[in-house]
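# Coordinate analysis (summary)
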Amino acid sequence: MIYLDQSATSLKKPAEVARAVYQALTGTLGNPARGAHQAALEALKAVGRARRSLADFFGVGPMDLAFTPNATYALNIAIKGALSKKDRVLTTRLEHNSMLRPLYEMQAQGMALDFVPLNKQGFYHWADVRSALRPDTTAIAVNAMSNVTGDIAPLPEIAELCFKRDLLLILDLSQYAGTRPLPVMKNHPRALIAFTGHKSLYGPQGSGGLIRRGPVTLRPLITGGSGVLSFSHTHPDSFPEVCEAGTLNVPAILGLEAAVKWLTRQGLMHVQEQVDALRLQLMEGIQSIPHLKVYGAQRDAGPVAAFNIAGMDSGAVSQLLDEQYGIMTRPGAHCAPLWHEAMGTREQGAVRFSFSCFNTQEEIDMAIAALRAIAKTAD
Ligand SMILES: Cc1ncc(COP(=O)(O)O)c(C=O)c1O
């Protein structure tokens with residue numbers, strides 16, 4: 001079995017992650033911030049420690065990091081909590097539905113929404129962002145790394161623009177986190193940054209978060225128990241409490257903490273080089289295969305690759321890879337409808353390969369051979 005669907009979720013997790021989840025489930029952890037007995041306090045301490053570990057990993061302060069069940073929740077909290085009908089948001093046609101759908105909901109309530117168009121390669125340049133900007137733009141919302149092609153957004157330039165114009169930056173790190181360190185920036189704009197734990201951070205499903213940078217006020221999306229201000233009729237708007245209504249998923253959070261500690265021990269750059277090398281091996285191996293069309297603009301994109309074989313349905317190719325070669329990949333529309341429309345693959349979809357540091361060069365060689373054999377059937 002060869003698993004090449006890391007962008008959907010990492011299948012193999014470090015043993016430390018499984019151990020941390022097991023210990024959380026079988027230990028003496030109560031409900032954090034719900035009670036003052038030993039088990040509740042122990043859970044509160046454990047979540048506080050995990051918050052610090054994650055914040056250190058991302059280079060932010062612990063009280064600027066909230067835990068959420070995944071990136072989708074984090075993006076919904078950011079978009080619906082920080083924006084209003086007074087805003088004008090610039091986004092791109094490379095976005096995932098987790099960004100697009102909350103933006104469309106806000107647009108339906110009167111918020112203005114503009115798009116950076118995509119070029120023939122299905123990507124955009126920094127200059128395209130500049131020209132799509134309007135004098136009354138108040139926020140930029142972008143995916144840091146495409147979940148279809150691995151192409152990486154011009155983050156330092158976008159961040160500097162947001163800083164200079166005092167625009168709110170909403171950043172989707174779902175695919176990016178764990179594959180690269182965040183770029184070092186001269187100036188940090190006000191930002192809300194969403195991440196998910198279960199992809200290239202190698203954490204458990206049900207983990208993720210929202211990072212706040214600078215002064216950003218959020219209205220709560222979900223309200224309820226907060227562990228503080230119990231007599232108030234409204235949910236606190238302080239961060240991170242504004243994002244954390246209800247009981248936290250402590251086992252997943254502690255698993256995610258173990259995952260980022262493991263990644264840090266491995267060395268993020270080392271993991272990045274290892275995984276990027278697998279992508280490059282695939283790209284070089286498939287470039288001479290007839291009928292194979294590779295998408296994406298950047299040679300040094302993240303560990304994701306998308307292609308099609310002639311006019312074959314991407315679902316049929318993925319099914320052949322799975323059933324005949326034991327290679328698991330993702331076909332179809334990848335929750336990125338505007339990218340597919342721009343590339344004319346609304347019907348065909350695209351076959352996506354995505355890589356983890358647990359994949360091997362031998363597996364990539366087998367995948368290249370399988371693609372070569374499938375492409376022959378299109379002759
Ligand atoms: C770019 C991007 N954004 C958001 C998400 C949503 O992540 P999650 O399902 O963990 O909330 C994904 C998941 O595939 C993604 O690739």
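Owing to the predicted nature of the structure, the values given are computational and were not obtained by experimental measurement. (Residues numbered from 1 in each chain as written. Predicted model: local features only at pLDDT ≥ 70, side-chain atom pairs only at ≥ 80, totals over all residues. Heavy atoms only, no water.)

A count of helices and strands for the protein chain gives eleven helices and twelve strands. A compact globule built from 379 residues should have a C-alpha radius of gyration of about 21 Å, and the protein chain, at 21 Å, falls within 12% of that. With the C-alpha coordinates aligned to their principal axes, the bounding extent of the protein chain is approximately 70 × 55 × 35 Å. Here the protein chain holds 379 residues, and the buried ones make up 53% of them. Expressed as a percentage of contacts within the protein chain between residues at least 6 apart in sequence, the contacts between residues at least 24 apart total 69%. Split by element, the accessible area of the protein chain, about 16,300 Å² in all, is 53% carbon and sulfur. (Helix = DSSP H or I, 4+ residues; strand = E, 2+ residues; numbered from the N terminus. Rg over C-alpha atoms; globule rule 2.2 N^0.38 Å. Buried < 20%, exposed > 50% of the residue type's maximum accessible area, 1.4 Å probe, protein only. Contact = heavy atoms within 4.5 Å. Areas by Shrake-Rupley, 256 points an atom, 1.4 Å probe, with all protein chains shown as cover.)

Reading across the sheet, the three strands line up as β9-β10-β12 and stay open at both edges, with antiparallel pairing between neighbours. Looking at the sheet topology across the chains shown, the edges are occupied by β9 (292-294) and β12 (351-354). Mean inter-strand twist for the sheet, computed between neighbouring axes without regard to direction, equals 30°. Examined bridge by bridge, strand β10 (residues 304-309) and β12 share four bridges and lie antiparallel to one another. Pairing of Ala-306 across the sheet is with Arg-352, part of β12. Against the sheet, helix α9 (residues 314-325) touches β10 and β12, its axis set at about 45° to β12. (Pairing = 2+ DSSP bridges. Axes fitted to C-alpha atoms, helices over the stretch in contact; angles between N-to-C directions.)

This brings us to the site of the ligand. For the ligand, the set of nearby residues contains 14 residues, the closest of which are Thr-72, Asp-172, Gln-175, Thr-196 and Lys-199. The contact in question runs from an oxygen atom of the ligand to an N or O atom on the side chain of Thr-72, over 2.6 Å. One of the side-chain N or O atoms of Gln-175 is found 2.7 Å from an oxygen atom in the ligand. Coverage of the ligand by the protein amounts to 88% of the 390 Å² it exposes when considered alone. Of the residues contributing to the shell around the ligand, the split by class is one nonpolar, eleven polar and two charged. (Near = heavy atom within 4 Å. Polar contact = N/O pair within 3.5 Å; in protein donor to acceptor, adjacent residues only side chain to side chain. Nonpolar A, V, L, I, M, F, W, Y, C, P; charged D, E, K, R; others polar.)

What follows concerns the domain arrangement of the protein chain. Taken domain by domain, the protein chain comprises domain 1 (15-265) and domain 2 (267-376). Here the C-alpha centre of domain 2 lies 28 Å away from the C-alpha centre of domain 1. On the domain 2 side, the residues contacting the 31 residues of domain 1 number 30 residues. Buried area between domain 1 and domain 2, summed over both chains or domains, comes out near 2,600 Å², and the portion from carbon and sulfur atoms is 60%. In this structure, the connection of domain 1 to domain 2 is made through one salt bridge. Two residues, Arg-180 and Asp-276, come together in a salt bridge whose shortest N-O distance is 2.8 Å. Those elements that provide at least two residues to the side of domain 1 that touches domain 2 are α4 (97-108) and α7 (250-266). Counting residues per element, the side of domain 1 that touches domain 2 draws most heavily on α7, which supplies four residues. Here the side of domain 1 that touches domain 2 is composed, by residue class, of 14 nonpolar, eleven polar and six charged. (Domains from an automatic or database assignment. Buried area = accessible area lost by both parts, 1.4 Å probe. Salt bridge = Lys/Arg side-chain N within 4 Å of Asp/Glu carboxyl O.)

In this section: the packing of helix α8 (residues 268-286) against helix α11 (residues 361-376). The contact between α8 and α11 brings their axes to 10 Å, and the two run at 25°. By the angle between their axes, α8 is roughly parallel relative to α11. In the packing of α8 onto α11, the handedness of the crossing is right-handed. Contacts between α8 and α11 pair Leu-278, Gln-281, Leu-282, Gly-285 and Ile-286 from the former with Gln-361, Ile-364, Asp-365, Ala-367, Ile-368, Leu-371 and Arg-372 from the latter. By residue class, the composition of the contact of α8 with α11 is seven nonpolar, three polar and two charged. (Parallel < 35°, antiparallel > 145°, perpendicular 65-115°, else oblique. Left-handed = near helix turned anticlockwise from the far one by under 90°.)

So, on to the sheet that holds strand β5 (residues 139-143). What the seven strands build is an open sheet, ordered β2-β8-β7-β6-β5-β3-β4; its pairing is mixed. The strands lining the two open edges of the sheet, one partner per strand, are β2 (65-68) and β4 (112-116). Ignoring strand direction, the axes of neighbouring strands in this sheet form an average angle of 20°. Note that β5 and strand β6 (residues 168-172) share five bridges and pair parallel. Note that in β6 the partner of Asn-143 across the bridge is Asp-172. Across the face of the sheet, helix α2 (residues 38-58) comes into contact with β2, β7 (191-196) and β8 (208-213) while running at roughly 115° to β2.

A separate point is the packing of aromatic side chains. The tally for this structure, following the rule as stated, stands at eight aromatic pairs. Each ring, one from Tyr-202 and one from Phe-358, has its centre 5.8 Å from the other, and the planes form 85°; the classification is edge-to-face. Residue Tyr-202 is located in the loop between β7 and β8, and its partner Phe-358 is located in the loop between β12 and α11; the two are separated by 156 residues in the primary sequence. Given the relative accessible area of 2%, Tyr-202 is considered buried. Arranged with centres 5.8 Å apart and planes meeting at 20°, the rings of Trp-262 and Phe-358 form a pair that is stacked. (Phe/Tyr/Trp six-rings, centres within 6.5 Å; stacked < 30°, edge-to-face > 60°.)

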